[in-house]
Amino acid sequence: VDSLMLFLVFAGLLVVRQYPRSRGALVPGLFLLLLACYTKQQAVFLVPAAFVHIWQNNRRTALISLASFAAAGLAVLVALQLWSGGNFWRNAVTAQATKFRFGLVLTNARDFLTLHGLLLAGAIVWIVHQISQRCLTMWSAFALTTVAFIVLAGKNGAAFHYCLPSIVTVTVCAVLAIDLLWRSLPSDWPAAGAAQVVILVLILQGVIFCFQPIREPT
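Residues numbered from 1 in each chain as written. Predicted model: local features only at pLDDT ≥ 70, side-chain atom pairs only at ≥ 80, totals over all residues. Heavy atoms only, no water.

A. Focus on the nonpolar core. Of all hydrophobic cores here, the largest spans 28 residues; its most connected members are Val 9, Leu 13, Leu 33, Phe 69 and Phe 142. Those elements giving two or more residues to this core turn out to be helix H1 (2-16), helix H2 (26-37), helix H3 (48-57), helix H4 (59-84) and helix H7 (138-145). Here this core gets seven residues from one element, more than from any other, and that element is H1. Once residues within four sequence positions are removed from consideration, Leu 13 is found in contact with Leu 33, Ala 49, Ala 50, Met 138, Trp 139 and Phe 142. By size, the runner-up hydrophobic cluster in this structure holds 16 residues, among which are Phe 112, Ala 143, Ile 150 and Cys 173. (Core = buried A, V, L, I, M, F, W, Y, C linked by side-chain atoms within 4.5 Å. Buried < 20%, exposed > 50% of the residue type's maximum accessible area, 1.4 Å probe, protein only. Helix = DSSP H or I, 4+ residues; strand = E, 2+ residues; numbered from the N terminus. Contact = heavy atoms within 4.5 Å.)

B. Region of the structure containing the pattern of salt bridges. Here the structure, examined in full by the defined rule, presents two salt bridges. Asp 2 is the partner of Lys 40 in a salt bridge, and the nearest nitrogen-oxygen pair spans 2.6 Å. Taken together, the positions of Lys 40 in the loop between H2 and H3 and Asp 2 in helix H1 put the pair 38 residues apart, joining distant regions of the chain. Accessibility assignment for this pair places Lys 40 and Asp 2 in one class, buried. Salt-bridge contacts for Arg 110 lead to Asp 111; the nearest nitrogen and oxygen are separated by 3.7 Å. (Salt bridge = Lys/Arg side-chain N within 4 Å of Asp/Glu carboxyl O.)

C. How the structure looks around the side chain of Thr 61. Considering the arrangement of structural elements, one finds Thr 61 in helix H4. Those residues in contact with Thr 61 that lie beyond four places of it in its chain are Tyr 19, Arg 23, Leu 26 and Ile 54.

D. Focus on the confidence of the model for the protein chain. Here the protein chain averages 84 in pLDDT, while 90% of its residues score no lower than 70. Here helix H10 (residues 191-211) stands out as the least confident element of the protein chain, with mean pLDDT 69; H2 is the most confident, with 95. (pLDDT = per-residue confidence, 0-100.)

E. A look at the packing of H3 against H7. Where H3 contacts H7, the two axes come as close as 8 Å, and the packing angle between them is 150 degrees. On the basis of their axis angle, the class for H3 and H7 is roughly antiparallel. In this structure, the crossing between H3 and H7 has a hand that is right-handed. Each of Ala 49, Ala 50, Val 52 and His 53 in H3 lies in contact with H7, whose residues at this interface are Met 138, Ala 141 and Phe 142. A breakdown of the residues in the contact of H3 with H7 according to their chemical character gives six nonpolar, one polar and no charged. (Axes fitted to C-alpha atoms, helices over the stretch in contact; angles between N-to-C directions. Parallel < 35°, antiparallel > 145°, perpendicular 65-115°, else oblique. Left-handed = near helix turned anticlockwise from the far one by under 90°. Nonpolar A, V, L, I, M, F, W, Y, C, P; charged D, E, K, R; others polar.)

F. Up close: the packing of aromatic side chains. Using the criterion set out here, one finds four aromatic pairs in the structure. Ring geometry for Phe 10 against Phe 142: centres 5.3 Å apart, planes inclined by 75 degrees, an arrangement best described as edge-to-face. On the criterion of sequence distance, the pair formed by Phe 10 in helix H1 and Phe 142 in helix H7 is long-range, its members being 132 residues apart. Taken individually, Phe 10 and Phe 142 each receive the classification buried, so the pair is uniform in this respect. Where Tyr 38 meets Phe 88, the ring centres are 6.1 Å apart and the plane angle is 35 degrees; that geometry is what we call tilted. Of this pair, Tyr 38 sits in the loop between H2 and H3 while Phe 88 is found in helix H5 (residues 87-92), placing the two residues 50 residues apart along the sequence. (Phe/Tyr/Trp six-rings, centres within 6.5 Å; stacked < 30°, edge-to-face > 60°.)

G. Representation of the environment of Leu 13. Here Leu 13 lies in helix H1. Residue classification places Leu 13 among the buried residues on the basis of a relative accessible area of 0%. Here the alpha-carbon distance between Leu 13 and Leu 26, two residues 13 residues apart in the chain, equals 9.6 Å.

Here's what the structure looks like:
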């Protein structure tokens, strides 16, 4: 269910990203994001990245889109509550509000850093660069919102799979950072040498991932 949620979030963001070149992209894009929220409710923490992109292009459209999205989400919630006789909220929300253990957050965060430290470093470089340039893009906003998932990994019943959105987004941001570095290299630099360095870094990240196994899968 985490992978399906993340698939729908990425699909929604990619469609919304077509705006303003395609004004009609907003409705199907936001619809996919709404599906993600009702695939796994925690997806609501990832949705703001889409509205960051819309806000940067047209603030009025962003406010209207946000209001429409919230209204549609509440309408679906009410409909599911009525259809299930109130069981939807109890099963999907109340039952998920389990005891929070901060130590579990630290454990999952440590595993995340151990397995994906190089990708995280590249993502941080990219995000810091964007903040310094005051041009935070949708993907950087998406990466920042995934921190909520690592925090949520502290509740009973959660596991390392809560880090999945962060793993995917730091990979995207690291690739964007590599692209930025590539474009900023002087034209007289040996491109082949730079390419080898990038490839070796990614191979090293793969080696770390393979030989630093996390806890046994449940």
